[in-house]
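Working through the structure, step by step
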Amino acid sequence: MDSSNMSLLPLLLLCLAIATSGLPLVSPPASQQTCEPVNVPDNQNAWIRVREMPTGCWTSYTTNDSKEVHILSLHFLPGASTMFYLNMTTAKPMHLIITTDSEQVIYFLTNANVDVSLYLANISNIMFYGSKGNIHRKALPTDNEDLVRWATEEFGGVTSFTTVQNPTSIASTGREGTRLLPTGSNNCTLENEWHSLKHYLTFKSNIPSSIKSCSNQPLNSHTEKELYIVNIPEDVSIRYVSVHVISERQISLFLRGPQGTTWSIHDPQHTSFFSNNVIMLAATNMMHTIPPTVAITTDSADAVQKKALDHFKASTITSYSEIRTEGTMVTLVLGNKDHTPVTETAPTETTPSPASPPQMPLIMQLYTSPDYRSPLDLNAKVQSDKRIYAEISGRMLGEIVLTIEVINCSVRSKGSCPVVRDMPFRSEMCSSTMCPNSTRVSFSLELLHDLASTSWDLECSVKLCFSEKCGDGGRVKRNLEVTQTYIPPPTVCIDFGLSAVLGIAFGGFLIGVLLIGALWFIKIRTGYPTGLDVGSTAVNLSGCPCSLTSKRQPVSTNPSPSENSSANASIGSTQSTPTSSMA
């Protein structure tokens, strides 16, 4: 073998090793990464658990003689076994109404104590075997709502209404059938429920497989991200899906359903998602509504898987599931913390423990300057003539980036008589690189200047937008302490109007009249002085007004002797002067 052939030998050996090992020279395209779904027994596997939520109710009602009133609505699918066992030997005293919408003949063996009264319709296809001593036939309505009304009229109320699909056995646990937590009302309102919470009964059912599932990811895989795809075909009546994710890894969800389907994702930590339907994010104490984020009309398994792989840029599928149930509401549990096969235990209803502090998805931070470099402490006070600046940010969910837009803001005073005022705001410019997942606004506090309160709650309503589609984002609140800025009081200037002038003039006139009247009264009471000529014009004018109308009295020509003597002396003295002067 020459040297040229020797140099090609390692290359030929490498090609031969690759060919015999079955490994491709290049990675397969994404279209080869899909999987074919198969039926899942008992509607659960290592990645997903599905539970229907049938119609029912549960209250705390008991009759006056302490008997419970329960209704069992039995639903048998075509082809399912119609034989089951009813064991109520340990049940509390109750009235038990059994009804069915099945057209098939139902056979069941009963075993109940003397305190349990069974009620069936007059015309019923239910056949009893076993104890028949306390069975009553009544004209029962066929509609569920009508049946609840009949039981309410007959017994005063209903303790529970439970729908069971394809039962094989129903047994009492011996516990009281009233609800542990008070509901505030004893009225039975039918709604979707999870009857596994009802601790007074145990159910065994022959539930047909309602999901198909597949995966091309190993069960013990240590990948950091997991992709879950849930597909509801177009001909399925499910319209509300409650999703619970329990995996501790990064989760990507691709949710597809018929138009009108709503997905509710609870506590969506470490989760990113796409859906052609409305998604409700049920975080702690908050609820966000996200509009559809992807368009896909086909329910083909291959097309849906390819769409999900393309959107999340993934190479493997942790779980793909198709759900087919007759109910309109189901609960999904996705993920597995330890990645081992699981068996589900029914949850129990207990008295709730004190709630943990809420984790707010939205946060409002206040600043004192427009450069947003001086954050305001929670209890710091701001003068009422200043302007404050706010930045509202959110903890984004997975890889989904949502834009925050402020709708309106208001302030509410703290105290026994709160005052609410709308708070005008101004949007502040900020680039997406400087303000990722946040928005900025500013407020003027002049609105609060004339109000007595200094402690306020500043609250804003926001909406969350994704790809120009927006949904309700809830409200975000922040404490605000305000101090009133001192302004010197203005100089008081009295403005005298016409009425004031007339009042002062009339007051002066009245005071003058009173003073004159007082002087006149004193004059009359004290009389005239003796040396005053009351007949003089001056006295008459300034003295008694009566002299103006009376006649003047003539002067007497015969004065008294004393007057004459004094007069003569006076005349003599006066006449002596000219004599002496003349002399």
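Scroll up to find the structure.
Our subject in this report is the structure included herewith. (Residues numbered from 1 in each chain as written. Predicted model: local features only at pLDDT ≥ 70, side-chain atom pairs only at ≥ 80, totals over all residues. Heavy atoms only, no water.)

Once that is clear, we can look at the overall build of the chain. Tallying secondary structure elements over the chain gives six helices and 33 strands in all. For the chain, the proportion of its 583 residues judged to be buried stands at 38%. If you take every contact in the chain between residues at least 6 apart in sequence, the share linking residues at least 24 apart comes to 67%. Counting only carbon and sulfur atoms, one obtains 57% of the accessible surface of the chain, whose full area is about 33600 Å². (Helix = DSSP H or I, 4+ residues; strand = E, 2+ residues; numbered from the N terminus. Buried < 20%, exposed > 50% of the residue type's maximum accessible area, 1.4 Å probe, protein only. Contact = heavy atoms within 4.5 Å. Areas by Shrake-Rupley, 256 points an atom, 1.4 Å probe, with all protein chains shown as cover.)

Once that is clear, we can look at the sheet that holds strand β25 (residues 362–367). One open sheet holds the four strands; their spatial order is β25-β27-β31-β30, and the pairing between them is antiparallel. This sheet does not close on itself; its edge strands, each paired only once, are β25 and β30 (425–427). When the angles between neighbouring strand axes are averaged without regard to direction, this sheet yields 30°. Two strands pair when backbone bridges link them, and strand β27 (residues 387–394) and strand β31 (residues 438–444) are joined in this way by seven bridges, in the antiparallel orientation. Bridge pairing in β31 links Y389 to S442. (Pairing = 2+ DSSP bridges. Axes fitted to C-alpha atoms, helices over the stretch in contact; angles between N-to-C directions.)

Over its twelve residues, helix α2 (residues 144–155) runs 16 Å from end to end, which matches the ideal 16 Å to within 8%, given 1.5 Å per residue. Turning to α2, its buried residues number three or more, namely L147, V148, W150, A151 and F155. The buried residues of α2 occupy an angular sector of 160° when the element is viewed end-on, so they sit on one face. Packing partners of the buried residues in α2 comprise β4 (68–75), β6 (94–100), β8 (116–121), β10 (135–138) and β11 (160–165). Where α2 starts, the residue carrying a side-chain oxygen 3.1 Å from the main-chain nitrogen of E145 turns out to be D143. (Expected span 1.5 Å × (residues − 1). Arc of directions from axis to C-beta. Polar contact = N/O pair within 3.5 Å; in protein donor to acceptor, adjacent residues only side chain to side chain.)

Bringing the pairing of strand β24 (residues 329–334) into the picture now. Burial analysis of β24 places six of its six residues in the buried class, which makes it a mostly covered element. Burial along β24 is two-sided: the face carrying M329, T331 and V333 and the face carrying V330, L332 and L334 are both buried. As judged from the six bridges shared by strand β17 (residues 240–245) and β24, these two strands associate in the parallel manner. Residue pairing for β24: Y240 is matched across the bridge by M329.

Here the focus is the packing of aromatic side chains. When we look at a pair of aromatic rings, we describe it by the centre distance and by the angle of the planes. Counting across every chain of the model gives nine aromatic pairs. Relative to F84, the ring of F76 lies with its centre 6.4 Å away and its plane at 40°, an arrangement referred to as tilted. Measuring from ring centre to ring centre gives 5.9 Å for Y372 and Y389, while their planes differ by 75°; the resulting arrangement is edge-to-face. Of this pair, Y372 sits in the loop between β25 and β26 (381–383) while Y389 is found in strand β27, placing the two residues 17 residues apart along the sequence. Within the aromatic cluster, the residues linked to one another by ring pairs are F76, F84 and F108. It is R440 that lies over the ring of Y372; its NZ or CZ is 4.1 Å from the centre. (Phe/Tyr/Trp six-rings, centres within 6.5 Å; stacked < 30°, edge-to-face > 60°. Lys NZ or Arg CZ within 6 Å of the ring centre and 35° of its normal.)

Once that is clear, we can look at the pattern of salt bridges. Applying the stated criterion to the full structure yields nine salt bridges. In this structure, D302 engages K306 in a salt bridge whose closest nitrogen and oxygen atoms are separated by 3.0 Å. One end of the pair is D302 and the other is K306, both in helix α3 (residues 301–312) and four residues apart, which spans about a single turn. Across the salt bridge formed by K463 and E405, the nearest N and O atoms sit 3.6 Å from each other. On the criterion of sequence distance, the pair formed by K463 in strand β32 (residues 455–466) and E405 in strand β28 (residues 403–413) is long-range, its members being 58 residues apart. (Salt bridge = Lys/Arg side-chain N within 4 Å of Asp/Glu carboxyl O.)

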